[in-house]
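Descriptive structure summary
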Amino acid sequence: MNVVQKRRLYFVLILTICSLVAVLLVIAALRENINLFYTPSEIKTATIHPKHRLRIGGIVQKGSVKQHNDLETFFVVTDFKQTVSVSYRGILPDLFKEGQGVVVGGYLLEPNHLKADEVLAKHDENYQPPGVNQNAA
Amino acid sequence: MLPEIGQFSLIIAFVLVLLQIILPVIGIVKNDRVWMQSCRSLVLGQSFFLTLSILILLVVFAFDDFSVVYVAKNSNSALPFFYKLSALWGAHEGSLLLWIWILSGWTAAVVLAARHLPIAFLARVCVILGLVSAGFLLFLLATSNPFWRYLPNYPLDGRDLNPLLQDLGLVIHPPLLYMGYVGFSVPFAFALSALWSRSMELPWAKWMRSWTLSAFSFLTIGIALGSWWAYYELGWGGWWFWDPVENASLMPWLVGLALVHALMMSDKRRVFQGWTLLLAIITFALSLLGAFLVRSGILTSVHAFASDPARGIFLLELLVVVIGGSLALYAAYGKRLISTVRIEPWSRETLMLVFTLLLTVATAAVFLGTLFPIVNEVLTGQKLSVGFPYFNNVFIPCFIPILLLIPMGPIIKWGKNSILDLLKKIQIVFVVSILLAVILPLAFTQKTAGLATIGLTLGVWVVLATLQTGYEKSKQKGGLLKLSLGAYGMILAHAGMGILVIGISIVSHFEIERDVALSVGETLVLNHEKIQFMDLRRVEGSNFMGYQGDFLLAKTGGESIHLYPEKRTYVVQGTTLTETAIDPGIWRDIYLSLGESLEQDKKRNVKTNVTRWSVRAYYKPFIRWIWGGALLMAGGGLLAALGRRQKGAS
């Protein structure tokens, strides 16, 4: 091997090792941080590990929002076929309203109860979470 | 009548753009200077007519002409005048026009400023920028014309501007961001022209540097403003959310940063020229991808305002044509650029190559996390989202070596270096940085910074080592004033990066976020500062109504001030919005925002002494350092760009 070839070999080796490490890191990080997205109907049929974080999208059922001792809120998310009850501790976003679309993220404590650590409301009056057809109601 | 004139000048501009492509191409084929020269006047004509049409749209907004669909959808007669004007870029059609107008502005700037460019090169640059501009103008005219009318029955009043956008930060954020995004079209056009010229000898890297630096600096300011806006306007006190739209702006920024440095190698040493050209292509491609992600609504995001599948598909086609075309050109002619210069292992060349590679890897990681949900949904039908811990987990390990390298770049010389000399130069600063990162948090808070100590060390290291380099450089030159603008730019930009990292490390470790329920009269203690809920009253603005809290903040120094967070309901759209109240400071921000009223019985008369609200009370140490550092970086970039221009002139 001459000098140029040696140099190229080192370069390729370093590049390969770096990309391998990067790919491994990325895959490990992705595996841990994927939030699967479900509609309330899909939750019923899916098998979900209680330790996996997930997101549920739907409409906040009218009349279901209850505020308990100050910052604890309970409400029901529906896709007009099935419902999931949600509890959340903290301040809800400005656009959170009964009858509006939300995406909640957290852990499923019971088959139809989610303990949420995030509540997202869309900055759009006409927004509907994917998979929910409001006309079905 | 006026909107029709605006529409008309858009069409004229489109025709001029087509000529701006065709005539110089004829000139290039015939090798005729006169045909090539035509590009100058065509570019200026094009930007004149685009300026005219954007001015007309501004006038239409100012005079509340609700017969124009776009105005009716995004403005209202009660909207404050200033926001009527900025409503122009409040939604899709107008921001696209702004985008095209800025593109024409950059093209005109190239034509006017780059007098030293050979005409054959300039003609090629104009053709390529013309192609990009033609694509977007066609898009605008065909799918998203801002001058369309509601006739004959037009609404009496408009639907108002999205209340989130009624804010100074958002008035200046999009234009600056677009200056950055679109600015990368210039290095892109230069890179393609260099390939198209098929000449190794052209000093294209020298010509590109000031343009790339300026675009990069504008993008930096744009992103920083966006982050600042999200911090005080969205009301959750975060400054970065790894939201797809933020990622869309971060990706071109990262590759743009790599490009700025790769250009130095290509200019000064004529090495890695192929890599540099590829980076220029990728940077612009990612800018376009950003536009596609934001405008198509393919990703759900808090920032995505308008979405329409037809628009998405057009943008995707444009993206494929631009990326496919330029990569084909690169594949065909890029081989000529492979240099046979020997690269020393311990040299600035190697360091910069590694630096640009690391940035590319970081970009790839962000790219994967942002687009993985789409790819996965197409392949498996399963919807998912990638949580922010993913981005932190992959991004931070990439940035640790990047930060280690940053201040070493200016210390290590081009060509062969002795590794021992290098280590000798940096060892003291490095040890001091570690010590400071451990001792300072202990001294002020009696706590260590935990894992953030690593970030803090790196931030302090970047600042100190950069200052040391600046000191040595000025000693060599015989005085601080003798340093070149480029050297000042480097010192500012590198130190800015260090300051940004210090800010991020401290705020993410030491911040205190408390969501509490408070009644009027109650007091909350937040990191030794007392916040008392004094009063709650009703407020009314020209287009909103709401509540205003009155909080008394007793600072540690004994001084006390009032803070007035608000909860507003914008009448026309019926949206509720939080107006935060912040006591800003170099060392810490106190951040208050009103949640909601916790009165169970809303019908009862509100007596102020029993009013109970949920309140976010946040203590954010060093958060200003993040935006301050970004602004320094942008300032450094602009100084360096200016320095390059002066050098070019002399």
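Residues numbered from 1 in each chain as written. Chains lettered and ligands numbered in written order. Predicted model: local features only at pLDDT ≥ 70, side-chain atom pairs only at ≥ 80, totals over all residues.

Right, let's get into the overall build of chain B. Secondary structure assignment for chain B yields 19 helices and eleven strands. Counting only C-alpha atoms, chain B reaches 85 × 75 × 55 Å along its principal axes. Taking all 650 residues of chain B together, 50% fall into the buried category. When contacts within chain B are restricted to residue pairs at least 6 apart in sequence, long-range pairs at least 24 apart make up 75% of them. (Helix = DSSP H or I, 4+ residues; strand = E, 2+ residues; numbered from the N terminus. Buried ≥ 20, exposed ≤ 12 C-beta atoms within 10 Å, placed from the backbone. Contact = placed C-beta atoms within 7 Å.)

Now for the overall build of chain A. When its secondary structure is counted, chain A shows two helices and seven strands. Start at the N end of chain A and walk to the C end: the helices and strands fall as α-β-α-β-β-β-β-β-β. Here chain A holds 137 residues, and the buried ones make up 31% of them. Considering only contacts within chain A whose residues lie at least 6 apart along the sequence, 52% involve residues at least 24 apart.

A word on the interface of chain A and chain B. With 23 residues of chain A in contact, the opposing surface of chain B contributes 30 residues. Residue assignment for the side of chain A that touches chain B shows that the elements contributing at least two residues are helix 1 (3–32) and strand 1 (34–38) of chain A. Ranked by the residues each element gives to the side of chain A that touches chain B, the list is headed by helix 1 of chain A, at five residues. Residues belonging to the side of chain A that touches chain B are distributed by class as follows: 13 nonpolar, five polar and five charged. Summarising the sheet, strand 1 of chain A and strand 1 (residues 384–386) of chain B pair through three bridges and their orientation is antiparallel. Paired with Ile34(A) across the strands is Val386(B), a residue of strand 1 of chain B. (Nonpolar A, V, L, I, M, F, W, Y, C, P; charged D, E, K, R; others polar. Pairing = 2+ DSSP bridges.)

Looking now at the pairing of strand 2 (residues 54–60) of chain A. Residue and element names in this part refer to chain A. With respect to burial, strand 2 is a largely interior element, seven of its seven residues being buried. In this sheet, strand 2 lies alongside strand 1 in parallel orientation, the contact comprising three bridges. Looking at the pairing, leucine 36 lines up with leucine 54 of strand 2. Where strand 2 meets strand 6 (residues 101–110), six bridges bridge the pair, whose relative direction is antiparallel. Residue pairing for strand 6: glycine 58 is matched across the bridge by valine 102.

Below, the discussion takes up the environment of Gly222(B). Residues and elements named next belong to chain B. Here glycine 222 shows up in helix 9 (residues 204–233). When the C-alpha positions of glycine 222 and tyrosine 181 are compared, they lie 9.4 Å apart, and in sequence the two are 41 residues distant. Once residues within four sequence positions are removed from consideration, glycine 222 is found in contact with His173, Leu176, Leu177, Met179 and Gly180.

Residue and element names in this part refer to chain B. Closest axis-to-axis distance for the helix 5 (residues 92–113)/helix 6 (residues 119–143) pair is 10 Å, and the angle between their directions is 165 degrees. Between helix 5 and helix 6, the angle is such that the two are roughly antiparallel. The two elements helix 5 and helix 6 meet at a crossing, and its hand is left-handed. Each of Leu96, Leu97, Trp99, Ile100, Leu103, Ser104, Thr107 and Val110 in helix 5 lies in contact with helix 6, whose residues at this interface are Val125, Cys126, Leu129, Val132, Ser133, Phe136, Leu137 and Leu140. Within the contact of helix 5 with helix 6, the residues separate by chemical class into 13 nonpolar, three polar and no charged. (Axes fitted to C-alpha atoms, helices over the stretch in contact; angles between N-to-C directions. Parallel < 35°, antiparallel > 145°, perpendicular 65-115°, else oblique. Left-handed = near helix turned anticlockwise from the far one by under 90°.)

This paragraph deals with the packing of helix 10 (residues 244–268) of chain B against helix 13 (residues 348–380) of chain B. All names here are of chain B. It is at 9 Å that the axes of helix 10 and helix 13 come closest, and there the two elements cross at 165 degrees. The pairing of helix 10 with helix 13 is recorded here as roughly antiparallel in orientation. Viewed along their axes, helix 10 and helix 13 form a crossing whose handedness is left-handed. In this structure, helix 10 contributes Pro244, Asn247, Leu250, Met251, Leu254, Val255, Leu257, Ala258, His261, Ala262, Met264 and Met265 to the contact, and helix 13 contributes Glu349, Met352, Phe355, Thr356, Leu359, Thr360, Ala362, Thr363, Val366, Phe367 and Thr370. Taken together, the residues of the contact of helix 10 with helix 13 break down into 16 nonpolar, six polar and one charged.

Time to look at the domain arrangement of chain B. Residues and elements named next belong to chain B. Assigned domains of chain B: these are domain 1 (1–161), domain 2 (179–324 + 351–405) and domain 3 (515–596 + 608–623). When each unit is reduced to the centre of its C-alpha atoms, the spacing between domain 1 and domain 3 is 43 Å. Listed by partner, the interface residues are six residues for domain 1 and five residues for domain 3. Here the residues of the side of domain 1 that touches domain 3 are counted per class, giving three nonpolar, one polar and two charged. (Domains from an automatic or database assignment.)

Once that is clear, we can look at the sheet that holds strand 11 (residues 612–621) of chain B. Residue and element names in this part refer to chain B. Pairing in this open sheet of four strands is antiparallel, and the strands run 2-11-10-9 from one edge to the other. Every interior strand has two partners, whereas the edge strands, strand 2 (512–519) and strand 9 (581–583), have only one. With direction set aside, neighbouring strand axes in the sheet form an average angle of 20 degrees. Bridge analysis of strand 10 (residues 588–597) against strand 11 gives eight bridges, and the strand direction is antiparallel. Bridging from a neighbouring strand, isoleucine 590 pairs with tyrosine 619 of strand 11.

Before going further, it helps to examine unusual backbone geometry. All names here are of chain B. The phi dihedral of glutamine 446 is positive, around 60 degrees, even though this residue is not glycine. Topologically, glutamine 446 is positioned in the loop between helix 16 (419–445) and helix 17 (452–477). Although it is not a glycine, phenylalanine 622 sits at a positive phi angle of roughly 65 degrees. Here phenylalanine 622 is to be found in the loop between strand 11 and helix 19 (623–649).

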